[in-house]
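Residues per chain are reported as follows:
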Amino acid sequence: MSFLDTMFHRLCKAAGEPVLQEIHGPKVVSANGDRLLASIQGAREFLHKAGVRKGDRCALLAPNGIRWVALDLAMMAEGSIAVPLYARQAPGELVAMMKDCAPAMICCGDAQLRDAVAAQWAGAPRICLFEEVFAAPASLATAEAPRQLADGDPVTIIYTSGTSGEPKGVVLNAGNVRFMLGCTNGRLDQLMGPRAVPDRVFHYLPFCFAGSWILLLTCLSRSSILALSTDLSKLPDEIALAAPNYFLNVPTLLERMRARIEEQVQQRGGLAKKLFVNGRAAWFRLREQQAQPRDPLWLSLAHAFVFRKIRQRLGPQLRALICGSAPLALETQLFYFMLGLPVLQVYGLTETTAICTLDDPKRVEPGFVGPAIPGIEMKLGENDEILVRGPNVFPKYWNRPEATAKALEGGWFHTGDQGELDAAGNWRISGRLKDLIILKSGHNVAPEPLEDALLRSLAGAQQVMLVGDNRGYLAAVISGDVSRERVIAAIGELNAGLPHYKQVRSFHAAPDLFTIENGLLAANGKLKRAMIAEQLHDVIEGLYRSSQA
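Residues numbered from 1 in each chain as written. Predicted model: local features only at pLDDT ≥ 70, side-chain atom pairs only at ≥ 80, totals over all residues. Heavy atoms only, no water.

K.L.:
What's the story with the overall build of the chain in this structure? I'm lost.
P.N.:
Counting its regular elements, the chain contains 18 helices and 24 strands. Its C-alpha radius of gyration of 24 Å places the chain within 12% of the 24 Å reference for a compact globule of 549 residues. Its C-alpha atoms put the chain at 65 × 60 × 45 Å along the principal axes. Expressed as a percentage of the 549 residues in the chain, the buried residues total 54%. Once local pairs closer than 6 in sequence are excluded, the contacts in the chain between residues at least 24 apart make up 65%. (Helix = DSSP H or I, 4+ residues; strand = E, 2+ residues; numbered from the N terminus. Rg over C-alpha atoms; globule rule 2.2 N^0.38 Å. Buried < 20%, exposed > 50% of the residue type's maximum accessible area, 1.4 Å probe, protein only. Contact = heavy atoms within 4.5 Å.)

K.L.:
What is the right way to read the sheet that holds strand β12 (residues 320-323) from this model?
P.N.:
Within a beta sheet, neighbouring strands are joined by backbone hydrogen bonds and run either parallel or antiparallel to one another. If you walk across this open sheet you meet the eight strands as β2-β1-β10-β9-β11-β12-β13-β14, and the pairing is mixed. Looking at strand neighbours, the two that pair on one side only are β2 (27-32) and β14 (357-358), the edges of this open sheet. The pairing of strand β11 (residues 246-249) with β12 spans four bridges and is parallel. Residue N249 lies in a different strand from β12, and its bridge partner there is C323. With respect to the sheet, helix α7 (residues 174-192) is in contact with β9 (199-203), β11, β12, β13 (343-347) and β14, its orientation differing from that of β11 by roughly 130 degrees. (Pairing = 2+ DSSP bridges. Axes fitted to C-alpha atoms, helices over the stretch in contact; angles between N-to-C directions.)

K.L.:
Looking at this structure, I do not really get the packing of aromatic side chains. What am I missing?
P.N.:
Remark: the centre distance and the inter-plane angle together describe each pair of aromatic rings, the angle taken between the planes. According to the stated counting rule, one finds 13 aromatic pairs in the structure shown. Ring geometry for F394 and F413: centres 5.7 Å apart, planes at 80 degrees, overall edge-to-face. Separated by 19 residues along the polypeptide, F394 in the loop between β16 (385-389) and β17 (396-397) and F413 in strand β18 (residues 413-421) bring together distant segments of the chain. Each residue in the set F276, F307, F335 and Y336 is aromatic and connected to the rest through ring pairs, giving one cluster. Directly above the ring of Y544 sits R471, whose terminal nitrogen or CZ lies 4.3 Å from the centroid. (Phe/Tyr/Trp six-rings, centres within 6.5 Å; stacked < 30°, edge-to-face > 60°. Lys NZ or Arg CZ within 6 Å of the ring centre and 35° of its normal.)

K.L.:
How do you make sense of the state of the cysteines when you look at a structure like this?
P.N.:
Put plainly, a disulfide is one covalent bond tying together the sulfur atoms of two cysteines. This structure, assessed with the given rule, holds zero disulfides. Of all cysteine sulfurs in the structure, the one in C107 sits closest to C58, which takes part in no disulfide; the separation is 6.0 Å. In this structure C58 comes out as buried when scored by relative accessible area, which is 0%. (Disulfide = S-S within 2.5 Å.)

K.L.:
Just checking my understanding: could you explain the nonpolar core for this structure?
P.N.:
If you look at soluble globular proteins, the nonpolar side chains tend to sit buried side by side. Ranked by size, the top nonpolar core spans 123 residues in total, and within it F3, L20, L71, W213 and L216 carry the most contacts. With 23 residues, the next largest nonpolar core counts L458, L494, V504 and F507 among its residues. (Core = buried A, V, L, I, M, F, W, Y, C linked by side-chain atoms within 4.5 Å.)

K.L.:
What is the right way to read the pairing of strand β15 (residues 377-380) from this model?
P.N.:
If a strand is regular, its side chains alternate between the two faces of the sheet. One ladder, built from four bridges, connects β15 with β16; its direction is antiparallel. Across the sheet, residue M378 finds its bridge partner in β16, namely V388. Hairpin connection between β15 and β16: a loop of four residues separates the two successive antiparallel strands, and N383 in this loop has a positive phi of roughly 60 degrees.

K.L.:
Quick question: what am I supposed to make of the pattern of salt bridges here?
P.N.:
One side chain can pair with another of opposite charge once the charged atoms of both are near each other. A complete count under the given rule lists 22 salt bridges for this structure. Two residues, D100 and R400, come together in a salt bridge whose shortest N-O distance is 3.0 Å. One end of the pair, D100, is in helix α4 (residues 91-101); the other, R400, is in the loop between β17 and α14 (401-407), with 300 residues separating them in the sequence. Take D100 and R400: they sit in the same class, and that class is buried. In this structure, the salt-bridge partner of R258 is E331, at a minimum N-O distance of 2.9 Å. (Salt bridge = Lys/Arg side-chain N within 4 Å of Asp/Glu carboxyl O.)

K.L.:
Looking at this model, I keep getting lost on the sheet that holds β15. Mind explaining?
P.N.:
The four strands lie next to each other as β15-β16-β18-β19, forming an open sheet whose pairing is antiparallel. Across the chains shown, the open sheet's two edge strands, defined by having one partner strand only, are β15 and β19 (427-432). In this sheet, neighbouring strand axes are inclined to one another by 50 degrees on average, regardless of whether the strands run parallel or antiparallel.

K.L.:
Teacher, can you tell me more about helix α11 (residues 270-287) here?
P.N.:
Since there are 3.6 residues in each turn of an α-helix, residues three or four apart along the chain are aligned in direction. Counted at 1.5 Å a residue, the expected span for α11 with its 18 residues is 26 Å, and the 26 Å between its end C-alpha atoms agrees. Those residues of α11 that sit buried are A272, L275, F276, G279, A282 and W283. Seen from one end, α11 has its buried residues packed into an arc of 145 degrees, which puts them on one side. Its buried side turned inward, α11 meets α10 (251-268), α12 (295-314) and α13 (330-338). (Expected span 1.5 Å × (residues − 1). Arc of directions from axis to C-beta.)

K.L.:
Just checking my understanding: could you explain the packing of α10 against α13 for this structure?
P.N.:
Axes are the key here: two packed helices are described by the angle between their axes and the distance separating the axes. It is the contact of α10 with α13, at a shortest axis distance of 10 Å, that shows an interaxial angle of 60 degrees. For the element pair α10 / α13, the angle class is oblique. Crossing angle aside, the handedness with which α10 passes α13 is left-handed. Across the interface between the two elements, L254, E255, M257, R258, I261 and E262 from α10 touch E331, T332, F335 and Y336 from α13. Partitioning the contact of α10 with α13 into residue classes produces five nonpolar, one polar and four charged. (Parallel < 35°, antiparallel > 145°, perpendicular 65-115°, else oblique. Left-handed = near helix turned anticlockwise from the far one by under 90°. Nonpolar A, V, L, I, M, F, W, Y, C, P; charged D, E, K, R; others polar.)

K.L.:
Explain helix α16 (residues 484-496) to me, please; I cannot follow it from the model alone.
P.N.:
Here α16 spans 18 Å end to end across 13 residues, near enough to the 18 Å set by a 1.5 Å rise per residue. Listed in full, the buried residues belonging to α16 are V487, A490, I491, L494 and N495. Axial view of α16: buried residues confined to an arc of 130 degrees, hence all on one face. What points out from α16, more than 90 degrees from its buried face, is the exposed set E485, E493 and A496. If you follow the buried residues of α16, they end up packed against α15 (447-456), β23 (474-480) and β24 (504-510).

K.L.:
I tried to follow unusual backbone geometry on my own but got confused; where do I start?
P.N.:
Working note: non-glycine residues mostly have negative phi, and peptide bonds are mostly trans. One non-glycine residue, T353, lies in positive phi territory at about 55 degrees. In this structure, A354 is a non-glycine residue whose phi angle is positive, near 85 degrees. Along the polypeptide, A354 turns up in the loop between β13 and β14.

This is the structure we're talking about:
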């Protein structure tokens with residue numbers, strides 16, 4: 001049975017029960033199993049009439065929603081290859097990726113995005129709106145089983161940026177997904193235990209990210225209700241309304257939540273503040289086995305009168321928070337543990353069907369990302385690079401045989417990440433071999449194209465280096481003879497044509513150059529990024545502190 005068969009069977013069993021929800025302010029729009037199956041069938045009929053055939057690529061360009069899910073499943077059920085794209089990406093970048101995969105059809109969530117794509121691509125294939133796809137009412141009486149998929153059949157192409165800045169399409173096949181859903185369901189069964197009611201899950205990350213998409217498919221394949229955010233500015237209210245048992249996060253949100261809690265405690269003052277501050281200090285000292293005589297008392301009082309209330313406000317039904325896409329600060333992970341809410345970490349890449357490691361809910365080691373998932377192998381290669389082999393590893397990059405051969409050299413996927421392994425089998429991610437910047441939001445940014453563009457627009461500048469790995473946004477270090485006013489103007493022009501996560505938000509202008517002589521430039525002219533970051537550590541820290549002040 002394919003993963004699609006499993007999902008369709010589960011939707012049939014949940015015919016009159018909610019499986020998906022969209023949160024719109026105080027209003028919740030639900031889709032039960034029957035409604036979702038009917039929407040999938042309607043989309044399948046539209047695709048069939050439009051001439052989409054097995055193996056055709058279909059671009060899916062819209063924010064998360066019930067219709068997004070129905071169309072994605074319809075594409076796969078018809079045997080076509082879904083190509084989900086980030087709706088907030090710059091139109092020019094979207095067009096470049098779509099030209100690469102040559103879709104038979106582009107499905108857009110709104111007319112504005114459709115028009116922006118059409119303006120950038122004169123020879124674009126048919127671009128249809130969701131309203132067209134779902135215009136004709138569908139009936140379950142005409143519902144068909146999904147086409148049979150062999151493990152080797154491709155089901156999606158998810159684009160990810162490489163260090164060169166040129167996006168690569170990661171092909172994932174039915175076997176990759178089937179294997180991964182078995183792993184994720186197993187871990188969630190461990191977390192939730194025997195249950196007579198569906199899991200309640202909240203979700204705010206775009207489905208065009210591999211990890212986000214795998215969570216979606218996992219929820220559809222098990223007894224759960226997945227509530228979708230529609231307004232990131234109202235996340236606290238949406239989370240409260242969804243009342244989830246767990247949800248997937250990027251570090252940025254968890255750190256913002258922590259900062260907001262600490263700020264509220266400071267503003268409240270009085271006894272609550274004293275108990276929180278002393279209880280927190282006691283908890284961390286006890287963890288480090290450096291307890292002072294009064295620490296057990298402070299911790300007991302803090303749990304009784306402060307920590308427990310904060311934990312309840314975060315969500316009375318929360319079993320755990322799940323975090324991936326970028327490293328989470330150890331102090332932040334421990335903060336939630338202190339409140340009685342475990343944070344389970346996940347590590348993986350699009351090329352590994354989103355996941356390589358998953359924390360075991362019963363044996364979480366803070367600061368690590370858990371053990372390798374059962375059924376795959378992980379080892380350290382040259383320079384402590386993490387290598388992965390198993391049924392979760394992608395078969396190829398779309399139309400890039402040389403890049404595929406390099407990534408899969410020797411039968412192992414070369415992740416570009418450096419790691420270490422403890423005696424219990426838990427992995428820690430210690431660094432990156434590649435220059436790719438991974439923001440705390442989970443967005444990947446190749447720095448070289450942006451650096452080159454900024455350098456070209458700044459006469460007198462000699463080098464530009466972007467920083468921002470595991471940060472909330474990008475900042476630039478610029479060497480040479482440039483004035484602050486000209487830098488501000490150049491960055492403004494650059495940002496105007498970029499999506500939000502690629503925009504440069506802060507900078508430092510340094511008159512001193514990076515040279516071979518001072519050890520900051522390699523013989524081939526490339527920046528020694530790690531050494532520059534180390535030498536300018538205080539400067540870079542100041543860029544982020546000043547922005548937060």
